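Results of the structural survey
Residues per chain are reported as follows:
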Amino acid sequence: MSALLGVALLSASCREDRTHERTPTVVWRKLGTWSGHGSMQTEPFISDTGSLRLRWETSHETAAGTGTFRITLHSDVSGRSLLVAVDVRGVGRDTTYVTEDPRPFFLAVESANLDWTIEADEAGAATAGPPGKAAK
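Residues numbered from 1 in each chain as written. Predicted model: local features only at pLDDT ≥ 70, side-chain atom pairs only at ≥ 80, totals over all residues. Heavy atoms only, no water.

**Considering the overall build of the protein**
As a reminder, the rule being used: Put simply, DSSP marks the helices as runs of H or I at least four residues long and the strands as runs of E at least two long, and each gets a number from the N terminus on. Working definition: with a 1.4 Å probe on protein chains only, accessible area under 20% of the residue-type maximum means buried, over 50% means exposed, and in between means partly exposed. In what follows, residue pairs with any heavy atoms lying within 4.5 Å of each other are defined as contacts. Each accessible area value is a Shrake-Rupley result obtained with a 1.4 Å probe; residue values ignore everything except the protein chains displayed when judging cover.
Secondary structure summary: the protein contains 1 helix and 9 strands in total. When the helices and strands of the protein are placed in sequence order, the string is α-β-β-β-β-β-β-β-β-β. Of all 136 residues assigned to the protein, the portion counted as buried reaches 29%. A fraction of 80% describes how many contacts in the protein between residues 6 or more apart in sequence connect residues 24 or more apart. Looking at the protein as shown, the accessible area adds up to about 8,400 Å², and 55% of this sits on carbon and sulfur atoms.

Okay, structure coming up:
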């Protein structure tokens, strides 16, 4: 009788787990943060997935309409320019998503007449359980 009860409880718990399946989600890992005034090149950073998020903000424009801000993504292997991720004028903020082959990268920042900040993050795959439930 107790064996039958054990099988029934195990069966019920397995059914419950299926009703609370985990969902694929994206997690972001910080690769670096930089800030400055004027142009610069970041130190290299490695992306294992090639899926990047660049959050940037410009501020303190010295004279209205004179600020420029451009971020170019480069391969740290060859040094070649891969793409222009951001090219704006004036004060603002935004998020840019970039997909490239996984490799070491660096950012070249060309800027004039304003302050800027950049945060680079890498996307990674994960799974999340139902809200309010701890992962088993």
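**Observations concerning the environment of R55**
Tracing the sequence through the fold places R55 in strand β4 (residues 51-59). In the structure, R55 is positioned 40 residues away from T95 in sequence and 4.4 Å away in space, judged by C-alpha atoms. Beyond its immediate sequence surroundings of up to four residues, R55 is in contact with K30, D94, T95, T117, I118, E119 and D121.

**Points about the sheet that holds β4**
Just so we agree on the cut-off: Should DSSP find at least two bridges between two strands, the strands are taken to pair. Interaxial angle, 0 to 180 degrees, is taken between N-to-C directions of lines fitted to C-alpha atoms, where a helix line uses only the stretch in contact.
The 4 strands are arranged β1-β9-β4-β7 in an open sheet whose pairing can be described as antiparallel. Here the strands that pair on one side only, and so sit at the sheet edges, are β1 (23-37) and β7 (92-99). Strand-to-strand, the axes of this sheet are offset by a mean angle of 20°, without reference to chain direction.

**Considerations on the pattern of salt bridges**
Stated precisely, the cut-off is as follows: Take a side-chain nitrogen of Lys or Arg and a carboxyl oxygen of Asp or Glu: if they are within 4 Å of each other, that pair is a salt bridge.
Going through the model one piece at a time under the given rule, you end up with 10 salt bridges. Its salt-bridge partner being R55, residue E119 comes within 2.8 Å of it at the nearest N-O pair. Remark: R55 occurs in strand β4 and E119 occurs in strand β9 (residues 115-128); sequence separation between them is 64 residues. The class of R55 is partly exposed, set by a relative accessible area of 31%. Note that E57 and R93 form a salt bridge whose closest N and O atoms lie 3.0 Å from each other.

**Structural notes on the nonpolar core**
Inclusion rule: Among buried residues, those of type Ala, Val, Leu, Ile, Met, Phe, Trp, Tyr and Cys that are joined through side-chain atoms within 4.5 Å constitute a nonpolar core.
Core analysis: the biggest nonpolar cluster contains 20 residues, and F45, F69, I71, L73, L107 and I118 have the highest contact counts within it. Mapped onto this core, the elements with two or more residues apiece are β1, β4, β5 (68-75), β6 (81-89), β8 (103-112) and β9. The residues contacting I71, other than those within four sequence positions of it, are L54, W56, L83, V84, A85, V86, L107, A108 and I118.

**Remarks on the pairing of β5**
In terms of residue burial, β5 counts as a mostly covered element, since 6 of its 8 residues are buried. The pairing of β5 with β6 spans 7 bridges and is antiparallel. Along β6, the bridge assignment pairs F69 with V88. In textbook terms, the turn of a hairpin is the stretch between consecutive antiparallel strands, and for β5 and β6 this stretch comprises 5 residues, one of which, G79, has a positive phi near 85°. Relative to β8, β5 runs antiparallel, the two sharing 8 bridges. Within β8, the position partnered with I71 by the bridge is V109.

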